[in-house]
Amino acid sequence: MNYIAETGALKKAGLSIVILLFICCRGFAQAQNVPVNFRVDNLICEYKINPIAVDAANPRMSWKLITQDRNIQQTYYEIRVGTNAVSLTKGKDLIWTSGKVPSDESAHVYYGGPMLTSREKCYWQVRVWNNKNQVTPWSMVNFWKMGLLKQEDWSAKWIQDNYQSDTTGGPSPMFRKTFKLDRKIRAAHLYITAHGVFEAQINGKRVGNDYFAPGWTSYNKRLQYQVYDVTSLLRKGENATGVTIGDGWYRGYTYNRKKNVYGKKLALLYQLEIVYTNGKRELITSDKSWKVAYGPIRSSSFFDGEVYDARKEKSGWTEPLYKDATWDTVKTDESIKSNLITTIGPTVKKHEKFLPLKVFTTPAGEKVIDFGQNLVGWVQFKLKAKTGDTIRLFHAEVLDQKGNFYTKNLRTAKQEITYVFKSDSVESYEPHFTFQGFRYLKVVGYSGPLDSTNIAAYALYSDMAQTGKFSTSNPLVNQLQHNIQWGQKGNFIDVPTDCPQRDERMGWTGDAQAFVRTATFNMDVAGFFTKWLKDLSADQHRDGAVPYVIPNVLDSVSSAASGWSDVATIAPWTIYLAYGDKQVLQQQYESMKAWVGYIQLHSRNYLWDTGNHFGDWLFYAGTNYEDGAALTDKNLIAQAFYAYSTQLLINAARILKRGDDVQKYTQLLYNVKKAFQSEYVTPNGRMISGTQTSYVLALNFDLLPENLRESAAKRLVNNIQDYDEHITTGFLGTPYICHVLSRFGHTDIAYDLLMKESYPSWLYPVKHGATTIWERWDGIKPDGSFEDPGMNSFNHYAYGAIGDWMYRVITGINTDENSPGFHRIIISPHPGGKLTSAQAELETLYGRVKSAWSIDNGIFTLDVIVPPNATAEIVLPSVTDQITENGLDINTEKEITGIQKIGNDEHLNVGSGTYHFVYTLKTFGKHVN
Ligand code: BGC
């Protein structure tokens with residue numbers, strides 16, 4: 001949770017304040033005889049550390065308790081908010097104080113003071129009391145700063161170049177302005193956005209480290225602006241600034257090579273606000289005084305790449321002394337500003353660097369570099385050629401059967417970088433407004449050596465903190481986890497996309513709903529989905545239809561599909577569970593309701609059997625098995641998701657205390673389930689589609705009468721065994737199949753599916769060298785040939801949805817749904833699959849949760865960490881004899897309560913702390929060593 005757009009200088013300044021205050025507070029604490037090992041840390045506001053563009057009227061604060069002691073619960077908290085960091089610590093100049101509030105809530109606590117105004121900076125601290133009558137010192141001081149809350153706060157004007165024609169796919173305009181600052185600067189903030197994607201500079205230095213800003217939203221209704229603390233980039237005297245703009249999502253090519261989706265003209269909105277040391281303010285804004293020219297970026301496109309002619313660079317163009325006499329004037333534009341919003345999610349940043357693993361010549365004679373990982377980002381180089389020489393870089397995910405460079409599966413996306421050298425000396429380059437999905441790079445037009453000293457690949461993705469880790473004793477499963485994480489990295493580029501390489505790269509809703517729960521385990525995606533869901537609401541049609549993709553760049557007419565549009569209910573509920581974030585339910589509630597309303601409208605007698613549905617997309621269609629046998633009736637699926645969305649709406653209504661809705665939709669759900677049963681289930685519980693997905697959905701969504709569930713689960717098991725323990729589900733059945741098996745006591749079969757190495761299975765791609773999740777179970781067929789290039793991405797996260805089961809069942813880390821966000825944790829590990837160990841960690845809003853087990857000679861060991869202010873129910877599986885915790889009989893430890901044996905499992909309650917359990921495991925079945 002480390003998203004901050006500010007310069008190093010501010011960070012340093014902030015850090016010293018923090019250190020100073022921390023020392024002061026500790027001094028104070030010791031004087032008060034407060035235990036030094038109990039403190040508060042990790043203060044965040046709206047999921048960010050020291051955010052500088054908050055638009056929430058009542059920002060939410062969260063903190064973590066730090067202690068080594070066991071069983072620590074917060075009993076009270078006190079927050080104080082002030083205008084000045086130093087006086088805050090003396091309790092002076094306060095804007096608001098919460099007083100001492102009896103509460104165990106340390107996440108999402110609302111600011112409750114007077115209304116905040118644009119640009120207002122609030123410093124805050126918190127202290128807490130615990131159940132052992134201890135109080136922490138006041139925490140470090142953190143802050144948040146409000147964004148521009150009103151349209152009138154914007155004095156800047158939209159500016160554009162003067163071209164009349166449609167220049168999509170053409171050169172990137174560069175906007176420039178010089179200005180003089182006649183005093184010493186105390187602070188300066190840049191508020192900036194664009195129609196297109198921008199890169200800004202001040203006095204020759206890049207502003208911030210975001211890429212593809214302002215990100216992708218439903219631009220006509222919601223356009224994010226970014227805020228940067230640029231104090232350190234400015235100086236007293238002459239200054240210059242410049243901004244380059246690329247087509248990006250605004251007008252660049254999208255699906256079916258449609259362009260200009262949001263408008264034809266690139267534009268800039270720029271507002272630099274300076275405060276001098278004497279308090280006087282200065283404003284530098286985009287207006288008619290700016291100049292514009294075209295430079296080295298001859299074209300840029302997400303699908304096609306970038307053409308960069310270094311000979312056209314304008315050296316020093318963001319320095320004051322640069323001569324811009326030949327530059328053109330700009331025109332101002334009256335585009336709306338009412339759609340401007342602050343950036344709430346993480347921005348895209350540059351992450352891992354990959355050096356060439358191998359540089360080789362393919363059988364076809366092409367020079368190719370293997371970076372060893374299918375990644376999303378770009379290649380950066382430092383090469384020497386001659387003026388006017390052109391190097392061309394092509395990007396591919398895979399090599400074909402013969403070992404040649406293969407790009408057919410990119411469809412029309414070119415993924416090509418063209419660079420023209422400007423000199424005979426070494427030149428450095430990285431692209432600007434494009435990204436590629438690739439592992440292999442083909443180099444054309446450069447004959448010199450290529451190695452780790454002069455070429456590298458970089459991954460770019462939304463800056464989400466990695467919160468989860470998962471590994472086992474099985475290297476193939478570990479590689480699967482690696483692939484899931486890389487599928488997430490590569491497809492979380494400001495919106496959750498289906499794939500990052502071919503001519504698609506859109507926020508396909510079905511893929512997102514399938515993967516969202518897994519995503520919450522790997523990384524902090526709270527802000528990412530909160531933002532995207534707002535776009536969903538914005539693009540939802542009046543009749544409640546949720547478009548296939550968000551932001552909607554497809555049709556403007558109402559369109560909706562089961563299992564896709566249901567992301568409207570599934571994603572908010574998942575974010576609520578993972579982060580305990582009620583606000584996201586509030587924010588999305590009307591949208592959730594509208595979506596269920598849409599289905600109601602299109603149903604007869606509670607049966608939804610109309611409309612276009614994608615069904616169980618890319619289910620196993622058979623090669624060795626009877627073709628089509630795994631096909632699930634699309635209307636059955638629609639009815640199942642109708643019930644599920646209604647259930648989630650009821651859940652949300654209950655949390656938000658909307659009693660009338662709970663009643664109304666509970667009645668609806670009853671009827672929807674009845675309609676499901678009478679249309680798709682025989683009286684004995686046989687489904688009309690006898691497929692895995694059919695049984696999985698019926699069981700996972702509780703659609704069958706209780707007395708038919710066990711037998712239905714058995715039918716599911718039989719079906720799996722008929723396929724020789726292979727999975728046959730597509731996008732819709734896959735996320736739930738192992739959960740359903742575990743819930744009905746068939747974890748051994750779930751493990752069979754997980755451990756299967758032949759097609760179709762999760763490990764089949766792993767055995768074929770995958771480093772990401774494939775779109776299809778058999779992207780590369782057993783004979784080495786490819787699936788249909790029209791639909792064969794090697795980086796599609798949907799099947800990676802198994803990750804959720806791996807965390808929640810193998811290592812057994814889960815949140816109690818009644819105390820979400822891991823405030824109350826369930827640790828219920830399930831050994832199996834011949835694993836001898838498995839471990840997972842998850843950084844939650846309360847701190848780190850851990851579950852790590854191992855089996856050695858029948859001795860089961862489980863290490864658990866429960867963070868402070870959380871509690872846990874631990875379920876120890878397959879217990880026969882005495883259990884020890886840290887060498888002591890658990891019955892003798894007073895911190896362990898509620899010990900109860902249910903079946904073979906021992907249930908117990910613990911508070912926060914570190915626990916080490918050991919006992920002899922009762923062997924159960926072939927799956928445990
Ligand atoms: C996408 C999928 C998507 C699907 C809908 C495809 O082209 O890549 O992942 O969900 O269309 O049918």
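These figures come from a predicted structure and were not determined experimentally.

Student: Which parts of the structure should I look at to understand the overall build of the protein?
Tutor: For the protein, the helix and strand inventory stands at 16 helices and 47 strands. Scaling as 2.2 N^0.38, a compact globule of 929 residues should have a C-alpha radius of gyration of about 30 Å, and the protein matches this with 29 Å. Judged by the C-alpha coordinates and their principal axes, the protein covers about 85 × 75 × 55 Å. A total of 929 residues make up the protein; the buried ones form 64% of that total. The contacts of the protein with a sequence gap of at least 6 include a subset with a gap of at least 24, amounting to 75%. The averaged location of the 94 negative side-chain charges in the protein is 7 Å from the averaged location of its 100 positive side-chain charges.

Student: I'm lost on the site of the ligand in this one. Help?
Tutor: Around the ligand sit D498, R502, E504, W508, D511, W564, F614, W617, F731, E775 and H796, and that is every residue in its neighbourhood. Burial of the ligand by the protein chains amounts to 96% of its free accessible area of 310 Å².

Student: Please explain the side chain of T861 as it appears in this structure.
Tutor: Along the chain, T861 falls in strand β41 (residues 859–866). The class for T861 is buried, based on a relative accessible area of 16%. Setting aside its immediate chain neighbours within four residues, T861 contacts A852, W853, S854, H916, F917 and V918.

Student: What is the right way to read the confidence of the model for the protein from this model?
Tutor: Atomic detail in the predicted coordinates should be set aside for any region of low pLDDT. On average, the protein scores 94 in pLDDT, and the residues at 70 or more come to 95%. Counted against residues more than four places away or in other chains, residues 1–33, with its pLDDT under 50, gives 52 contacts.

Student: Sorry if this is basic, but what is going on with the sheet that holds strand β34 (residues 468–472) here?
Tutor: Remark on secondary structure: sheet strands pair via backbone hydrogen bonds, oriented parallel or antiparallel. Across the sheet, which stays open at both edges, the seven strands sit in the order β34-β39-β40-β41-β47-β43-β44 with antiparallel pairing between neighbours. Two strands bound the open sheet, and with one partner strand each, they are β34 and β44 (888–889). Pairing between strand β43 (residues 884–885) and β44: two bridges, direction antiparallel. Its bridge partner being in β44, E885 is matched across the sheet by L888.

Student: What is the right way to look at empty space enclosed by the protein in this model?
Tutor: Rolled over the atoms, a probe as big as a water molecule pinpoints where empty space is left. For the coordinates displayed, the defined rule picks out 10 cavities of 30 Å³ or more. The calculated volume of the largest cavity comes to roughly 100 Å³. Together, 13 residues line the largest cavity, and W216, W249, Y253, T254 and F303 are the ones closest to its centre. Here the residues of the lining of the largest cavity sort into eight nonpolar, three polar and two charged.

Student: How should I be thinking about the environment of L636 in this particular structure?
Tutor: With respect to the helices and strands, the residue L636 is situated in helix α9 (residues 634–655). Sequence separation of L636 and L607 is 29 residues, and the distance between their C-alpha atoms is 9.4 Å. If we skip the residues at most four places from it in the chain, L636 touches F676, Y680, M687, I688, S689 and S694.

Student: I keep staring at the side chain of E46 and nothing clicks. Help me out?
Tutor: Here E46 is to be found in the loop between β1 (39–45) and β2 (60–66). Overall, E46 belongs to the buried group, its relative accessible area being 18%. Here R60 takes part through its backbone nitrogen, which lies 2.9 Å from a polar atom of the side chain of E46. Not counting residues up to four positions away in its chain, the partners in contact with E46 are V54, A56, N58, P59, R60 and Q583.

Student: Sorry if this is basic, but what is going on with the packing of helix α8 (residues 582–601) against α9 here?
Tutor: The description of two helices packed together rests on the angle between their axes and the distance between the axes. Put simply, α8 and α9 touch, their axes get as near as 9 Å, and they point 145° apart. The hand of the α8/α9 crossing is left-handed. Judged by residue contacts, K582, L585, Y589, M592, K593, W595, V596, I599 and Q600 of α8 engage Y642, S645, T646, L648, L649, A652, A653 and I655 from α9. Here the contact of α8 with α9 is built from residues that sort into 12 nonpolar, three polar and two charged.

Student: It is not clear to me how the pairing of strand β47 (residues 913–920) should be interpreted in this structure. Could you clarify?
Tutor: Side-chain positions along a regular strand alternate between the two faces of the sheet. A one-sided burial pattern is seen for β47, the buried positions being G913, Y915, F917 and Y919 and the unburied ones T914, H916, V918 and T920. Bridge count for β43 against β47 is two bridges, and the pairing is antiparallel. The residue bridging E885 from the neighbouring strand is F917, located in β47.

Student: Sorry, what's going on with the pattern of salt bridges here?
Tutor: When their charged atoms lie close together, side chains carrying opposite charge are able to pair. Summed over all chains, the structure comprises 43 salt bridges. For the salt bridge of K531 with D494, the shortest nitrogen-to-oxygen distance reads 2.8 Å. Highlighted residues: K531 in helix α6 (residues 526–539) and D494 in the loop between β35 (492–493) and β36 (495–496), separated in sequence by 37 residues. Considered together, K531 and D494 belong to a single accessibility category, that of buried residues. It is possible to trace a salt-bridge network through shared partners that takes in R411, R502, D503, E504 and E775.

Student: Explain unusual backbone geometry here, please?
Tutor: Peptide bonds are mostly trans, and most non-glycine residues show a negative phi. Cis peptide bonds are those with omega within 30 degrees of zero, and the linkage from I550 to P551 qualifies with -10°. Among the structural elements, P551 can be located in the loop between α6 and α7 (567–579). Cis geometry marks the peptide bond from Y759 to P760, where omega comes out at -5°. Within the fold, P760 resides in the loop between α14 (747–755) and α15 (763–767). Its identity is not glycine, yet H108 carries a phi of approximately 60°, on the positive side. Along the chain, the position of H108 falls in the loop between β5 (101–102) and β6 (109–110). Unusually for a residue other than glycine, N260 sits at a positive phi of about 55°. Judged by relative accessible area, N260 falls into the buried class, the value being 16%.

Student: Which parts of the structure should I look at to understand α6?
Tutor: Along an α-helix, residues three or four apart share an orientation, since each turn contains 3.6 residues. Compared with an ideal rise of 1.5 Å per residue, which puts 14 residues at 20 Å, α6 spans 20 Å between its outermost C-alpha atoms and is within 8% of the ideal. Buried residues dominate α6, accounting for 11 of its 14 residues. Taken together, the buried positions of α6 are occupied by A526, G527, F528, F529, T530, K531, W532, L533, D535, L536 and D539.

Student: What should I look at first to understand the packing of aromatic side chains in this one?
Tutor: Considering all chains together, one arrives at 71 aromatic pairs under this definition. Between F302 and F435 the ring centres are 5.1 Å apart and the planes differ by 40°, which places this aromatic pair in the tilted class. Taken together, the residues F302 in the loop between β19 (297–301) and β20 (305–309) and F435 in the loop between β31 (426–429) and β32 (436–444) connect sequence positions 133 residues apart. Exposure remark for F302: the relative accessible area of 5% places this residue in the buried category. Taking 5.4 Å as the distance between ring centres and 75° as the angle between the ring planes, the aromatic pair formed by Y751 and W805 counts as edge-to-face. Taken together, the positions of Y751 in helix α14 and W805 in helix α16 (residues 802–810) put the pair 54 residues apart, joining distant regions of the chain.

Student: Quick question: what am I supposed to make of the UniProt feature "domain: Alpha-L-rhamnosidase C-terminal" (unreviewed entry) in the protein here?
Tutor: Under the feature "domain: Alpha-L-rhamnosidase C-terminal" (unreviewed entry), the UniProt entry names residues 812–883. When the span residues 812–883 is considered, its composition is 0% helix and 54% strand, and the gap between its end C-alpha atoms is 19 Å.

Student: In this structure, what is going on with the sheet that holds strand β21 (residues 328–329)? I would like to understand it.
Tutor: The sheet built from six strands is open, its strands ordered β13-β12-β15-β10-β18-β21 with antiparallel pairing. Each edge of the open sheet carries a strand with a single partner, namely β13 (205–206) and β21. Both strand β18 (residues 291–294) and β21 contribute to a ladder of two bridges, which runs antiparallel. Residue pairing across strands places K291 opposite T329, the latter belonging to β21.

Student: Looking at this structure, how should I read the domain arrangement of the protein?
Tutor: Think of interface size as the accessible area that goes away when the parts come together; that is how it is often given. Each domain of the protein was delimited in the assignment, giving domain 1 (3–145), domain 2 (151–342), domain 3 (348–462), domain 4 (468–810) and domain 5 (815–920). Facing the six residues of domain 1 at the interface are seven residues of domain 4. Each partner contributes to the roughly 560 Å² buried at the junction of domain 1 and domain 4, and carbon and sulfur atoms together form 34% of this total. At the boundary of domain 1 with domain 4, the tally comes to one salt bridge. A salt bridge links R60 to D581, with the shortest nitrogen-to-oxygen separation between them at 2.8 Å. Our enumeration of links across domain 1 and domain 4 arrives at four residue pairs in polar contact (both at pLDDT 80 or more).

Reading the values: the criteria
- Residues numbered from 1 in each chain as written.
- Predicted model: local features only at pLDDT ≥ 70, side-chain atom pairs only at ≥ 80, totals over all residues.
- Heavy atoms only, no water.
- Helix = DSSP H or I, 4+ residues; strand = E, 2+ residues; numbered from the N terminus.
- Rg over C-alpha atoms; globule rule 2.2 N^0.38 Å.
- Buried < 20%, exposed > 50% of the residue type's maximum accessible area, 1.4 Å probe, protein only.
- Contact = heavy atoms within 4.5 Å.
- Lys, Arg positive; Asp, Glu negative; His and termini not counted.
- Charge placed at Lys NZ, Arg CZ, Asp CG, Glu CD.
- Near = heavy atom within 4 Å.
- Areas by Shrake-Rupley, 256 points an atom, 1.4 Å probe, with all protein chains shown as cover.
- pLDDT = per-residue confidence, 0-100.
- Pairing = 2+ DSSP bridges.
- 1 Å grid on protein atoms, 1.4 Å probe; cavity = no way out; pocket = protein on both sides within 12 Å on 5 of 7 lines; lining within 4 Å.
- Points joined across faces, edges and corners; volume = space filled by probe spheres on them.
- Nonpolar A, V, L, I, M, F, W, Y, C, P; charged D, E, K, R; others polar.
- Polar contact = N/O pair within 3.5 Å; in protein donor to acceptor, adjacent residues only side chain to side chain.
- Axes fitted to C-alpha atoms, helices over the stretch in contact; angles between N-to-C directions.
- Left-handed = near helix turned anticlockwise from the far one by under 90°.
- Salt bridge = Lys/Arg side-chain N within 4 Å of Asp/Glu carboxyl O.
- Expected span 1.5 Å × (residues − 1).
- Phe/Tyr/Trp six-rings, centres within 6.5 Å; stacked < 30°, edge-to-face > 60°.
- UniProt positions renumbered as here; feature names shortened; annotations may be inferred.
- Domains from an automatic or database assignment.
- Buried area = accessible area lost by both parts, 1.4 Å probe.

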